[in-house]
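Analysis of the macromolecular model
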Amino acid sequence: MPSARAEDFRRAARRLGFDKARQTGSHERWKHPDGRATTIPVHGGRQIGPPLYYKILDQLGISESEFERLRQTRPPLRRIRLVEQPVFADAVLGGFLFKSPAPQPHI
């Protein structure tokens, strides 16, 4: 029988574009910009059983296989490119050292 934890539903909802709108007690209300909404019960890591499991999937608008993919995969890492700039001049003002980048050659 299928089941999932609240954290699995949260992860899937975030990846689908839902935002947590509010929380009342142990129930979180998630809304999507297109108007869809769902309530996810958060009860200390306990499993959410089949009846409610299927109802939340229906409200999220996804199939079981899509949910499994969303709950298992990690979001892709963003790659950043670090570029070192040579130091041109140093200045000490009020006890702080400031470094300015070297001027770029005009081509």
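Our structure's up above, just so we're on the same page.
One structure accompanies this document, and this report is about it. (Residues numbered from 1 in each chain as written. Predicted model: local features only at pLDDT ≥ 70, side-chain atom pairs only at ≥ 80, totals over all residues. Heavy atoms only, no water.)

Moving on: the sheet that holds strand S4 (residues 37-41). Strands in a sheet are paired, the pairing made by backbone hydrogen bonds, and the direction either parallel or antiparallel. An order of S2-S3-S4 is seen for the three strands of this open sheet, with the pairing classed as antiparallel. Both edges of this open sheet fall to strand S2 (19-24) and S4, since each of them pairs with a single strand only. Across the sheet, the mean angle separating the axes of adjacent strands is 25° when strand polarity is ignored. The sheet contact formed by strand S3 (residues 27-31) and S4 spans five bridges and is antiparallel. Residue pairing across strands places His 27 opposite Pro 41, the latter belonging to S4. (Pairing = 2+ DSSP bridges. Helix = DSSP H or I, 4+ residues; strand = E, 2+ residues; numbered from the N terminus. Axes fitted to C-alpha atoms, helices over the stretch in contact; angles between N-to-C directions.)

Look at helix H2 (residues 50-60) against helix H3 (residues 64-72): their axes get within 10 Å of each other, and the N-to-C directions meet at 85°. Taken together, H2 and H3 sit at an angle that is classed as roughly perpendicular. Here H2 contributes Tyr 53, Tyr 54 and Leu 57 to the contact with H3, which in turn contributes Glu 64, Phe 67 and Glu 68. Here the contact of H2 with H3 is built from residues that sort into four nonpolar, no polar and two charged. (Parallel < 35°, antiparallel > 145°, perpendicular 65-115°, else oblique. Contact = heavy atoms within 4.5 Å. Nonpolar A, V, L, I, M, F, W, Y, C, P; charged D, E, K, R; others polar.)

On to the pairing of S4. Counting buried residues in S4 gives four out of five residues, a clear majority hidden from the surface. Connecting the antiparallel pair S3 and S4 is a turn made up of five residues, with Gly 35 showing a positive phi of about 110°. (Buried < 20%, exposed > 50% of the residue type's maximum accessible area, 1.4 Å probe, protein only.)

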